[in-house]
Structure formats: C-alpha cells, structure tokens
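# Results of the structural survey
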Amino acid sequence: MATVHVLNGRQKKLVHGHPWVYGNEIERVEGTPADGDLVETVDFRGRFLGYGLYNSHSLLRVRLLTHDRTEVTEELIRGRVRSALRARQVVLERPGTDSCRLIYGEADRLPGVICDRFGPVVVLQILTLGMEKYTGIIADTLIECVQPECLYLANDDRIREKEGMDCYTREYFGTLPEPLRIEENGIHMQVDIRGGQKTGSFLDQKANHLYLRQFCRGARVLDCFSYAGGFALNAAVAGASEVTAVDISEAAVDLIRTNAELNGLRINAVCQNAFDYLREQVRQGAGYDVVVLDPPAFTKAHANLENACRGYKEIALSAMRLLPAGGVLATHSCSYHMPEETFLNTVFSAAQDLHRQVQLIDLRRQDVDHPVLAGYPESHYLKSVWLRMLD
Ligand code: SAH
C-alpha cells in the first residue's frame, strides 16, 4: 500500500476527525497508488493518521475512511451502511413519513456516498472514484435492509467527471415507479427522480417545513424559492388564509400545483424570479404574516462570500418590508461557505437598515438525517434563521 505523507501543520484537522487531504497538503507520496486505491496516510513524522482512498484527479487527493488502524474491508463498508440505516429509524418512525436521507457521505463515514429513500425507492449516488468499486456492496446492503421496490443509481452529478468517472443513471434493481409519490409529515408529494433537482427532493428541510406550521394559522404566507412547495404545503395544511409559492423553474411550479392538488390544498403558484417578485410585492404595498426564503447556494466558494451576503440581504430587506409587526421571517442559506454568524449578521443588518427591531425565534439547521460530523464542519451546511418583526 502506498503511503501519503501530510505536510507539517496539516495533520491536526485529520487527527480531529476531518476526512479530507487536499493535494497541496501533501509533502510526498511513497509508492505509486492507482486512482481509487487505498493508501496509508501519515503525518510529517510518519505517525499513522488513517487509511483513505486516493485520487490524483481530485483536489481532495485522499478521503480518509478510518482514523485508526481498522482495516478497510467490504465488511467495514457494509457495517457503515447498516449503522447509517439504523440511525434513520427515528426519522422513518415519524407519523406520515416514508422518506429520508439514508446515507450522508462523509458524515456517515462513507465519502461521497449519498443515498435517499423516497417511499418505495432508494436513490444512490456515488461521487468519489474510490467508493465506486463498493457500489455493489453498498447497493446490495441497501436492498437487503430496506427492501425497496427499486434501487436507482443517480450517478449523473458533474462532480463525477472531476473525479474521472462517467455520468449515468440506471435502475440497479427493480423498476422506478412513475409517478412516484412520497409522504412527508402526512403530506403527499410527487417526486421527480429522473429530472428533479438534487436526488429528487429537498429532504434536508423536512423538519423546518413542519416547524413552519405553528406560525401559519389564519396567516398570509409567502414561500419564495419554493421548489416542490415543501413550506407552502405545510403552511396550507396548518390553516393559512392564503399561500403563495414562487419559483423560477417551470418544472418546480408544475410540481407545486400537482402537490397542492394531491393534498386538496389551495396554493397560488407563481413562476418568476423571486428577487423580482419580492420587489414588485413591496412596490405594490403587499403584506404577509409569514415569509420563507430558501434560495439556492449563492456561493459555492469562499471568495464569493461578499456577493452572497448582498444577495441574502436584498431578499431579507424585501421580505421584512412585506412583514408587519408580529410577522415571521424564516430565511435560509444552504451554502457551507456562509458561516452561521455571518448569515445571522447579514439578516440582522437588513433589519437595522430598515430601523426595525427583530427577535430571533430560533436558529435551526438541516434535518437530523443529514447529521453533522464533529471535526468536519462542511457537514453543517444549512442555516435556518427564524425571526419575528417587533415593529
Ligand atoms: N424551499 C424548497 C427548496 C428550494 S431549492 C424546499 O423546501 O424543498 C431552491 C429553489 O430555488 C429551486 O427550486 C430553484 O428552482 C429556485 N430558484 C433558483 N433561483 C431562483 C430565483 N432567482 N427565483 C426564484 N426561484 C429560484
């Protein structure tokens, strides 16, 4: 087995549980590992740091699978899949819930492996070359434990090309039922696995969708960047007097309409750029009691942080202008590169600019089936800020 020597100073995060070694953190490689091979990783003094998967094509040159001498075997991988599944039981036992993330990559110590359950279907995505060779083991363990109707390989994320892999999707087992309907906290939702965003739905927001309900009875609710309408549907179920959902994607707006109908709910679905919609609503002097903002990641790199803040601030400003005293704003950032404190300060600064006082109701994150691994801050990506306007 080849040995990767990590530069002095770069060992600390690895000792603390971080799974990534970047190319520029490597002092030298002893031996000639092939891409996807297991390597031993040591610090500058030769002290063992863990076994990991090597890929010369990736900026993330090594992804650690262990931080001790535990041998990496097929049984280890199987065990990790099984323990990830056990940890999800609590989510699947929620009333009216048949869908959740089953494997969340590095946080479940399966680097680059993403797996979601949508009712009777398991969607598996392998994003790292080193894990590709375990596809069969992972898929078969999932089939054995979950017993789905279909296991679908959604290996079409462009990240795979950077890892030196091809992009494809196929049914590994069974046939994908179409249309596919899932249940989230008692709400029926249609999921588009072949053409949808992410692996098909935004499971990370389930708990926040539910949390929204308490603010919605009799309320006028605006859900911006709505996708399939997760927030909007929960608002309607909770007895909102009117619900508007806005998304720029026509496919998303179709999904919202389908989902509203499936549940016998009334939602006004608008296909528009939410930045423009918010501005127009302000100009027209519209008012809402609850506004939800859940935009896509404005920044995928630290360098764009300032621009991202401007974007988050602009929509927060508009939303606050629509909210009277007592109104509730839930605003989100799903970019790891936006630190929670920076995001919070950005939202607070919008209130300050408007000379409005606000209360922080809650600071939330992604649902528990997207666990945060200690020592790996990248696994905490979703920030969810809930505010009440005081005046
Ligand atoms: N709120 C959703 C997830 C939103 S994902 C949920 O809880 O499930 C972000 C959504 O923003 C995507 O559906 C995308 O189509 C939409 N989007 C991206 N840019 C937009 C824009 N400028 N205006 C409105 N929607 C936009």
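Residues numbered from 1 in each chain as written. Predicted model: local features only at pLDDT ≥ 70, side-chain atom pairs only at ≥ 80, totals over all residues. Heavy atoms only, no water.

## Some points on the side chain of K383
Note that K383 resides in strand β20 (residues 383-389). Here K383 sits buried without a salt bridge, and the closest side chain of opposite charge, E340, lies 7.2 Å off (N-O distance). There is a polar contact of 2.7 Å between the side chain of K383 and the backbone oxygen of M338. Among the polar contacts made by the side chain of K383, one reaches the main-chain carbonyl oxygen of Y381 at a distance of 2.9 Å. Beyond its immediate stretch of four places on either side in the chain, K383 contacts T331, H332, S333, S335, Y336, M338, E340, F343 and R364. (Helix = DSSP H or I, 4+ residues; strand = E, 2+ residues; numbered from the N terminus. Buried < 20%, exposed > 50% of the residue type's maximum accessible area, 1.4 Å probe, protein only. Lys, Arg positive; Asp, Glu negative; His and termini not counted. Salt bridge = Lys/Arg side-chain N within 4 Å of Asp/Glu carboxyl O. Polar contact = N/O pair within 3.5 Å; in protein donor to acceptor, adjacent residues only side chain to side chain. Contact = heavy atoms within 4.5 Å.)

## Description of the domain arrangement of the chain
According to the domain assignment, the chain contains domain 1 (3-64), domain 2 (74-180) and domain 3 (204-389). Its C-alpha centre places domain 1 at a distance of 26 Å from the equivalent point of domain 2. Our count for the domain 1 to domain 2 interface comes out at 2 salt bridges. Across the pair R63 and E106 runs a salt bridge, and its minimum N-O distance is 3.5 Å. In terms of residue class, the side of domain 1 that touches domain 2 is made up of 4 nonpolar, 4 polar and 2 charged. (Domains from an automatic or database assignment. Nonpolar A, V, L, I, M, F, W, Y, C, P; charged D, E, K, R; others polar.)

## Thoughts on the packing of helix α10 (residues 305-322) against helix α11 (residues 340-353)
Between α10 and α11, the least distance of the axes is 9 Å, while the angle of their chain directions is 45°. As the angle between them shows, α10 and α11 are arranged oblique. Judged by the sense of rotation from one axis to the other, the crossing of α10 with α11 is right-handed. Contact residues: α10 offers C309, Y312, K313, A316, L317 and M320, while α11 offers T342, F343, T346, V347, S349, A350, A351 and D353. Tallied by class, the residues present in the contact of α10 with α11 amount to 9 nonpolar, 3 polar and 2 charged. (Axes fitted to C-alpha atoms, helices over the stretch in contact; angles between N-to-C directions. Parallel < 35°, antiparallel > 145°, perpendicular 65-115°, else oblique. Left-handed = near helix turned anticlockwise from the far one by under 90°.)

## A short note on the pattern of salt bridges
Scanning the entire structure with this criterion turns up 26 salt bridges. Residues D116 and R101 are paired through a salt bridge, measuring 2.7 Å at the closest nitrogen-oxygen approach. A residue pair is termed long-range when its members are at least 10 positions apart, and D116 in strand β8 (residues 113-118) and R101 in strand β7 (residues 99-104) qualify at 15 residues. Take D116 and R101: they sit in the same class, and that class is buried. A salt bridge links R194 to E178, with the shortest nitrogen-to-oxygen separation between them at 3.1 Å. Remark: E178 occurs in the loop between β11 (168-174) and β12 (180-184) and R194 occurs in the loop between β13 (187-191) and α6 (206-212); sequence separation between them is 16 residues. With relative accessibility at 40%, the residue R194 sits in the partly exposed group. One salt-bridge network, held together by shared partners, links E74, E75, R78 and R82.

## Regarding empty space enclosed by the protein
Taken as a whole and judged by the stated rule, the model has 2 cavities of 30 Å³ or more. Around the largest cavity sit P19, L64, L65, H67, E106, R109, L110, P111 and L373, which together line it. Of the voids in this model, the second largest cavity is the one considered here, and its volume is about 40 Å³. Along the walls of the second largest cavity sit L53, Y54, N55, L60, R61, R63, T128, L129, G130 and E163, which together make up its complete lining. When contributions to the lining of the second largest cavity are tallied by element, the ones reaching two or more residues are β5 (48-54), β6 (60-64) and α3 (129-132). Residue-level mapping places the lining of the second largest cavity at the junction of two domains, with at least three residues from each of domain 1 (3-64) and domain 2 (74-180). (1 Å grid on protein atoms, 1.4 Å probe; cavity = no way out; pocket = protein on both sides within 12 Å on 5 of 7 lines; lining within 4 Å. Points joined across faces, edges and corners; volume = space filled by probe spheres on them.)

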